[in-house]
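Read off the chains here:
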Amino acid sequence: MATTSRERLQLTLDHKDPGKVVVDLGSNSVTGINANALARLRTKLGLEERKIKINEPLQLLGEVEEDVRQALHVDVVGVSTGKTLFGFFNEGWKPWTMQSGLEVLVPKMFNTTVDENGRTYLYPQGDTSVPPSGMMPKNGFFFDNIIRGNVEYDDDDEPSGRADYCDDFGVYTDEELRRLQDNVNHWYNNSEYGIFCDGALAGFGDFATVPGPSVKHPKGIRDLAQYMMAHYTFPDYIHEIYEMQLEVGLKNAELVYQAVGDKVQAVYISGTDFGIQTGPYMAPDAYREFYKPYHKKVNDWIHTHTKWKTFYHCCGSIIAFLQDFYEAGIDILNPVQCSAAGMDPKMLKEQWGDKFTFWGGGINTQKTLPFGTPEEVYQEATERLEIFSKGGGYIFNPIHNIQTQVSAENILAFFKAVEDFNAKR
């Protein structure tokens, strides 16, 4: 019988019964919680009053600290280089006030301006001398990427994906690897938590990164609709980008393994979405041409050289891709959007539970968690636990991040469900 969170996570990833279901909150950028919701949760839990640290600036996620992990019996911690999507490190904390009025702490290079309409702007690498790369509208809850430097190529053009995206993907520096190594060693040597490595190694076509939020002067096709069209109008362009990204991703995987070895148990590979509420937004044949070969090469390298499990975040209805995902070697699926068409929890567990670890799926974060009663939250979470937990292969977490308006009472009901469920096992 596993006795530590780390052991239970490993059994879960190996599709063995861990005894108690493994619980996650905040180990990565898609299993976290908005700072406003986290502040209310800390108050409700009666924890020490302190300013929340914003550790993911695009979505304004708050850092889940040790006292929250202990209170909610969280089993997993996240490790990373500490560099954000906007190209600056989470360090040198300074005060900042969210639009809700909540006073928080942000990294020293989290530099913003506000225009006459109340829109807040965030800058790549914190450099306010260049155009902003993120914008939050007045009364908004998070930043959106700003499309900058977009080029509309003509049919007679021969654009170069490598040239346009040369500043987007970089091999980890010695400093970044040292930060990651220190982070891993701290948790590995001083805790019994399971360890998850955040920071997408190879997020081919991820809409969060295509606009280049960390790049001061992005070039090429950056508009998301045009980028998707380019799969058909300029297919070589897309392949060039992904070939370059693959080269960098494999090199980074090698460097990470040299730095931390198998002390990390799961690694975030991609956050690219292939589904919407009603079905896939890309034909399976297009996935097989533009994504599957690159996914397979990344997964094959990792499975050959490490003991890591590969984590892929993919929203929406993705039933049409599951066989291809399996053939590409994907180990973990998140966020398991059960509210999307065809994503029935029982079907997913019965037909795919021996092939994928499901990380998420614990509750509908569009309806039940923000708008339901605590009793409804508890009931739905319990039902998901009963379905997904059988035989391992399940980490308990909501479907994507907990959003800003969710009440502390509903969050506590969600985690009470897993606490009671585990108490009976």
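Residues numbered from 1 in each chain as written. Predicted model: local features only at pLDDT ≥ 70, side-chain atom pairs only at ≥ 80, totals over all residues. Heavy atoms only, no water.

*Asks:* Hey, could you run me through the packing of aromatic side chains in this one?
*Replies:* Aromatic rings considered in pairs are described by the distance between their centres and by the relative angle of their planes. Under the defined criterion, the tally for this structure stands at 34 aromatic pairs. Considering the side-chain rings of Y242 and Y291, the 5.2 Å spacing of their centres and the 50 degrees angle between planes classify their relative orientation as tilted. Of this pair, Y242 sits in helix α7 (residues 235-260) while Y291 sits in the loop between α8 (284-290) and α9 (292-305), and the two are 49 residues apart along the sequence. Residue Y242 is classed as buried on the basis of its relative accessible area of 0%. On the basis of relative accessible area, Y291 is assigned to the buried category, the value being 1%. Among the aromatic residues, those joined into a ring-pair cluster are F204, Y242, F274, Y287, Y291, Y294, F321 and F325. Above the ring of F89, the side-chain terminus of R179 is found at 3.9 Å from the ring centroid. Taking the ring centre of Y165 as reference, the NZ or CZ of R222 above it sits at 3.8 Å. (Phe/Tyr/Trp six-rings, centres within 6.5 Å; stacked < 30°, edge-to-face > 60°. Helix = DSSP H or I, 4+ residues; strand = E, 2+ residues; numbered from the N terminus. Buried < 20%, exposed > 50% of the residue type's maximum accessible area, 1.4 Å probe, protein only. Lys NZ or Arg CZ within 6 Å of the ring centre and 35° of its normal.)

*Asks:* Looking at this structure, I do not really get the pairing of strand β5 (residues 94-97). What am I missing?
*Replies:* The two faces of a sheet get side chains in turn, since along a regular strand they alternate between them. Across 4 bridges, the pairing between β5 and strand β6 (residues 103-106) is antiparallel. Opposite W96, over in β6, you have V104 as the bridge partner. Linking two consecutive strands that pair antiparallel, namely β5 and β6, is a turn of 5 residues; a positive phi of about 100 degrees is found at G101 within it. (Pairing = 2+ DSSP bridges.)

*Asks:* Just checking my understanding: could you explain helix α11 (residues 345-352) for this structure?
*Replies:* The α-helix advances 3.6 residues per turn, and as a result positions three or four apart in sequence lie on the same side. For α11, every residue scored as buried is listed here: P345, M347, L348, K349 and W352. Among the structural elements, α10 (322-327), β15 (357-359) and α13 (374-388) are those in contact with the buried residues of α11. Between the side-chain oxygen of the N-cap and the backbone nitrogen of K346 there are 3.2 Å, and the N-cap of α11 in question is D344. (Contact = heavy atoms within 4.5 Å. Polar contact = N/O pair within 3.5 Å; in protein donor to acceptor, adjacent residues only side chain to side chain.)

*Asks:* Explain the layout of surface pockets here, please?
*Replies:* To locate leftover empty space, one rolls a probe as large as a water molecule over the atoms. Of the pockets and cavities examined, the second largest pocket occupies roughly 290 Å³. Looking at the second largest pocket, it is lined by 17 residues, and the ones nearest its centre are R8, K20, H73, V74 and D75. Of all elements in the fold, only α1 (5-13), α3 (66-72) and α14 (408-423) reach the threshold of two or more residues within the lining of the second largest pocket. With 5 residues, α14 is the largest single contributor of residues to the lining of the second largest pocket. Counted by class, the lining of the second largest pocket contains 8 nonpolar, 4 polar and 5 charged residues. (1 Å grid on protein atoms, 1.4 Å probe; cavity = no way out; pocket = protein on both sides within 12 Å on 5 of 7 lines; lining within 4 Å. Points joined across faces, edges and corners; volume = space filled by probe spheres on them. Nonpolar A, V, L, I, M, F, W, Y, C, P; charged D, E, K, R; others polar.)

*Asks:* I'm lost on the side chain of E56 in this one. Help?
*Replies:* Relative to the helices and strands, E56 is located in strand β2 (residues 54-56). Of the side chains with opposite charge, R148 lies nearest to the buried E56, which makes no salt bridge, at 14 Å. Side-chain polar atoms of E56 contact the backbone nitrogen of L58, separated by 3.3 Å. E56 has contacts with S29, L61 and L85, leaving out every residue within four places of it along the chain. (Lys, Arg positive; Asp, Glu negative; His and termini not counted. Salt bridge = Lys/Arg side-chain N within 4 Å of Asp/Glu carboxyl O.)

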